[in-house]
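Residue-level structural notes
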Protein chains: 2
Amino acid sequence: MKKIESVKEFGGWLNRYEHQSKSCNCTMTFSVYLPPQAEHEKVPAVYWLSGLTCTDDNVRTKAGAQRYAAELGLALIMPDTSPRGDDVADEVERYDLGKGAGFYVNATEEPWAAHYQMYDYVTQELPELIEAEFPVIPGVCSVTGHSMGGHGALICALKNAGQYRSVSAFAPICHPMVCGWGEGCFSNYLGNNKDSWKQYDATELVKAGAKPIPLLIDHGTGDEFLSGQLYPQDLLDACEAMEFPINLRMQDDYDHSYHFISTFIGEHLKFHYNHLKA
Amino acid sequence: MKKIESVKEFGGWLNRYEHQSKSCNCTMTFSVYLPPQAEHEKVPAVYWLSGLTCTDDNVRTKAGAQRYAAELGLALIMPDTSPRGDDVADEVERYDLGKGAGFYVNATEEPWAAHYQMYDYVTQELPELIEAEFPVIPGVCSVTGHSMGGHGALICALKNAGQYRSVSAFAPICHPMVCGWGEGCFSNYLGNNKDSWKQYDATELVKAGAKPIPLLIDHGTGDEFLSGQLYPQDLLDACEAMEFPINLRMQDDYDHSYHFISTFIGEHLKFHYNHLKA
């Protein structure tokens, strides 16, 4: 692991690292924000999973999350959204498949399977590295994310009972099996047997009996992708049917951008803080 | 004036406009953040002047200022850093001259004079437009900015006693006449007679007896441009000699980036709020 950038912010340090990923079989980049409290004690960690086209840079630059992380004493862990490199399969003309669009699944189909193992990366390899190398409290973490990364946060939490204390999401893709973004990635990464898709679909995971975990979701009513890609009602219906507690809020007029995220990231981090400190 | 973008953030609206500028003789773009309070009352305005290479987009995306503006009930006015358009003179191979580098002066030399009238634009034309079109309290405003825009904020306030209630700056170019960025722009925009440069130099304006105004400046000790371009000590010396009150803070380890700005923008906006509400 090599530190490639270090910037002071809100009394803590925003650092960027490169490392050789076993899961993704390539060099991966991630950012970590360590709050001032981490200089003298271990702190809880919140993982942020980003959306389509993003790297680790978008959230660290645009979300305004570091201010709240510094106030609350939380580390922020910000991975990339896909494997990278010249030998990594891609669809250069599409923003929603290949690089920048890993969808947080383990690909089984060629040419993707060689590197697109983002599910293992974000749920196993990266947490192990973070706990070994940084002043975080082992096993005390939560997960959140935006859009494709909101989907990622939901499936990571729903598939790994006990690994996360809480989960939240901004404008998540709630039912990827039935939306264009999800179908495009799942059919390429996982093949045409839709049964294999259900393991990476939040709505299907709830229907299949996932164990409840504190869950907060915000959607904007002005989000251009709300009706065509995100399908929050499907997740709500599944939660109701399964008596799975969910706090899903529709925020008037907010869109899909980081301006929406910046408005509510403070509430999300306080939500996670309350569960991480409990 | 035409609204070209509108995004909800922190309960208010972040809007972007185009208009035909008389000063700059071209179409100019600016952004305005209106806090929620502006829906039912007029609010004070804080002008933000950006640094080299920026447009109005950098600060609205990266600084985290809207959160504080919403809390305090301040409008943020964010102009571009130069005239734009195909017929506007430029040095395409330089980031520090021409487009993106207007330096907040009125150019007198060709080929710049036809459009590079940023001083008139930010001190006269834009405030008149803002007061005519937006719910701001006439004559109740402050000014701040970053780097080249910190220089801009300082000269706008020092040259126009009574126009602004307070001024602040992040990593401003304090003595442009003696640094590479300033010399490059002043010699092109204003010609070789250095006497004409002094009217746009904060250190020289203080030496010449500018009227005191509440003034807050932050510099980072880790700023790569601190010793070669910014020269805060020159401004401090001038202020001491002239008994001009200044609060110039050196912030340990912070750099020149928006991560530095985001850390202290809240304090700057509260500083302005205290003078705007007084």
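Here's what I pulled together on the structure shown here. Just so it is clear, the model here is predicted, and its values are computed rather than measured. (Residues numbered from 1 in each chain as written. Chains lettered and ligands numbered in written order. Predicted model: local features only at pLDDT ≥ 70, side-chain atom pairs only at ≥ 80, totals over all residues. Heavy atoms only, no water.)

1. Some words on the overall build of chain A
The cut-off we apply is this: The numbering of helices and of strands both runs from the N terminus, where a helix is a DSSP run of H or I of at least 4 residues and a strand a run of E of at least 2. We compute the radius of gyration from the C-alpha atoms alone; for a globule the expected value is 2.2 Å times N to the 0.38, where N is the number of residues. Each residue gets one of three labels from its accessible area relative to the maximum for its type: buried under 20%, exposed over 50%, partly exposed in between, using a 1.4 Å probe on protein chains only. Under the convention used here, a 1.4 Å probe and the Shrake-Rupley method define accessible areas, while residue burial counts only the protein chains that appear.
When helices and strands are counted, chain A shows nine helices and nine strands. At 17 Å, chain A has a C-alpha radius of gyration in line with the 19 Å of a compact globule built from 278 residues. Its C-alpha atoms put chain A at 50 × 40 × 35 Å along the principal axes. Taken over 278 residues, chain A has a buried fraction of 63%. Accessible area of chain A: about 10200 Å², with a carbon and sulfur share of 46%.

2. Regarding empty space enclosed by the protein
Residue and element names in this part refer to chain A. Put simply, the test is: The way it works is a 1 Å grid over only the protein atoms, where trapped points that fit a 1.4 Å probe form a cavity and open points with protein on both sides within 12 Å along at least five of seven lines form a pocket, and then any residue with an atom within 4 Å of a point lines it. Grid points are joined across faces, edges and corners, and a volume is the space filled by probe spheres set on the points. Each residue receives one of three labels: charged for Asp, Glu, Lys and Arg, nonpolar for Ala, Val, Leu, Ile, Met, Phe, Trp, Tyr, Cys and Pro, and polar for the others, Gly being one of them.
One pass over the full model with this rule turns up three cavities of 30 Å³ or more. Put simply, the largest cavity is a space of about 60 Å³. For the lining of the largest cavity, the secondary structure elements donating two or more residues are strand 4 (43-49), strand 5 (75-79) and helix 9 (258-276). Tallied by class, the residues present in the lining of the largest cavity amount to nine nonpolar, one polar and no charged. Forming the walls of the second largest cavity are A45, Y47, I130, E131, V136, I137, G139, V140 and C141. Looking at the lining of the second largest cavity, the elements that each hand over two or more residues are strand 4, helix 3 (118-133) and strand 6 (136-145). Tallied by class, the residues present in the lining of the second largest cavity amount to seven nonpolar, one polar and one charged.

3. Considering the relation of the copies chain A and chain B
What counts is decided by this rule: The superposition of copies rests on a least-squares fit of C-alpha positions from residues with pLDDT of 70 or more in both.
Take chain A, turn it by 180 degrees, move it 0.0 Å along the axis, and it overlays chain B with an RMSD of 0.0 Å. A rotation of that kind, with that shift, is consistent with a two-fold axis.

4. Details of the interface of chain A and chain B
For clarity, the threshold we go by: Contact between two residues is taken to exist if any of their heavy atoms lie within 4.5 Å; hydrogens are not considered. Two parts placed together each lose some accessible area; with a 1.4 Å probe, that loss summed over both constitutes the buried area. A pair is scored as a salt bridge if a Lys or Arg side-chain nitrogen falls within 4 Å of a carboxyl oxygen belonging to Asp or Glu.
Contact residues are listed per partner, giving 21 residues for chain A and 22 residues for chain B. For the chain A and chain B pair, buried surface summed over both sides reaches about 1800 Å², with 51% attributable to carbon and sulfur atoms. Together, K8, R67 and H259 of chain A form the three largest contributors to the area buried by chain A at its contact with chain B, with a combined 32%. On the surface where chain A and chain B come into contact, there are one salt bridge. D253 of chain B serves as the salt-bridge partner of K8 of chain A, at 4.0 Å between the closest nitrogen and oxygen.

5. A word on the environment of G266 of chain B
On the secondary structure map, G266 of chain B appears in helix 9 (residues 258-276). Each C-alpha atom, one on G266 of chain B and one on P79 of chain B, is 20 Å from the other, the two residues being 187 residues apart in sequence.

6. Overview of the pairing of strand 5 of chain A
Residue and element names in this part refer to chain A. For the record, the criterion: One bridge is not enough; two strands pair if DSSP finds at least two bridges between them.
Across the five residues that make up strand 5, a large majority, five, are buried. Along strand 5, one buried face is formed by A75, I77 and P79 and the opposite face, lined by L76 and M78, is buried too. Both strand 3 (residues 26-34) and strand 5 contribute to a ladder of four bridges, which runs antiparallel. Each residue of the ladder has a partner; that of V32, found in strand 5, is I77. Where strand 4 meets strand 5, three bridges bridge the pair, whose relative direction is parallel. Within strand 5, the position partnered with A45 by the bridge is A75.

7. Digging into the pattern of salt bridges
Evaluated as defined, the whole model comprises 26 salt bridges over all chains. Among the salt bridges present, the one from R16 of chain B reaches D57 of chain B, with a minimum N-O distance of 3.2 Å. Here R16 of chain B, found in strand 2 (residues 12-21), pairs with D57 of chain B, found in helix 1 (residues 57-62); they are 41 residues apart in sequence, far enough to count as distant. Look at R16 of chain B and you get buried, because its relative accessible area is 12%. Under the relative-accessibility criterion, D57 of chain B is labelled partly exposed at 31%. One continuous salt-bridge network, built from bridges that share partners, spans E5, R16, D56, D57 and R60 of chain A.

8. Observations concerning unusual backbone geometry
Glycine aside, residues mostly have negative phi, and peptide bonds are mostly found in the trans state. Residue and element names in this part refer to chain A. The amide bond that connects E110 to the next residue, P111, takes the cis arrangement and shows omega of 5 degrees. By secondary structure assignment, the location of P111 is in the loop between strand 5 and helix 3. Even without glycine at this site, F103 takes up a positive phi of about 60 degrees. Tracing the backbone shows F103 in the loop between strand 5 and helix 3.

9. Regarding helix 4 (residues 148-159) of chain B
Residue and element names in this part refer to chain B. The cut-off we apply is this: Take the residue count of a helix, subtract one, and multiply by 1.5 Å to get its expected span.
Across its 12 residues, helix 4 extends 16 Å between first and last C-alpha, which sits within 8% of the 16 Å expected from 1.5 Å per residue. Most of helix 4 sits inside the fold, with 11 of its 12 residues counted as buried. Restricting attention to buried positions, one finds in helix 4 the residues M148, G149, G150, H151, G152, A153, L154, I155, C156, A157 and L158.

10. A look at the packing of helix 2 (residues 65-72) of chain A against helix 9 of chain A
All names here are of chain A. To keep it simple, the criterion reads: The angle between two axes is taken between their N-to-C directions and runs from 0 to 180 degrees, where each axis is a line fitted to C-alpha atoms and a helix contributes only its stretch in contact. Reported orientations rely on four angle classes, namely roughly parallel under 35 degrees, roughly antiparallel over 145, roughly perpendicular from 65 to 115, and oblique for the rest. Here a crossing is called left-handed whenever its near helix is offset anticlockwise from the far helix by less than a right angle, and right-handed whenever the offset is clockwise.
In the contact formed by helix 2 and helix 9, the axes pass within 9 Å of each other and the chain directions differ by 30 degrees. Between helix 2 and helix 9, the angle falls in the class roughly parallel. Along this stretch, helix 2 crosses helix 9, giving a crossing that reads as right-handed. Across the interface between the two elements, A65, Y68, A69 and L72 of helix 2 pack against I265, G266, L269, K270 and Y273 of helix 9. When the residues that make up the contact of helix 2 with helix 9 are grouped by side-chain class, the tally is seven nonpolar, one polar and one charged.

11. Let's talk about the environment of K8 of chain B
What counts, and what does not: Any N or O atom pair separated by 3.5 Å or less is treated as a polar contact, with the protein-specific requirement of one donor-capable and one acceptor-capable atom, and with residues adjacent in sequence counted only for side-chain atom pairs.
Looking at the secondary structure, you find K8 of chain B in strand 1 (residues 2-9). Separated by 21 residues in sequence, K8 of chain B and T29 of chain B have C-alpha atoms that sit 19 Å apart. Here K8 of chain B is in contact with D252, D253, Y254 and H259 of chain A together with W13 of chain B, once residues within four sequence places are set aside. Within the structure, K8 of chain B has its side chain in polar contact with the backbone oxygen of D252 of chain A (distance 2.9 Å).

12. Quick word on helix 9 of chain B
Residue and element names in this part refer to chain B. Let me state the cut-off plainly: To get the bend at a residue, fit one axis to the 7 residues ending there and another to the 7 starting there, then take the angle between the axes.
Of all the bends in helix 9, the greatest measures close to 45 degrees and is centred on F264. With 14 of 19 residues buried, helix 9 is to be regarded as a mostly interior element. Near the N-terminus of helix 9, the side chain that reaches the backbone nitrogen of H259, with its oxygen 3.1 Å away, is that of S257.

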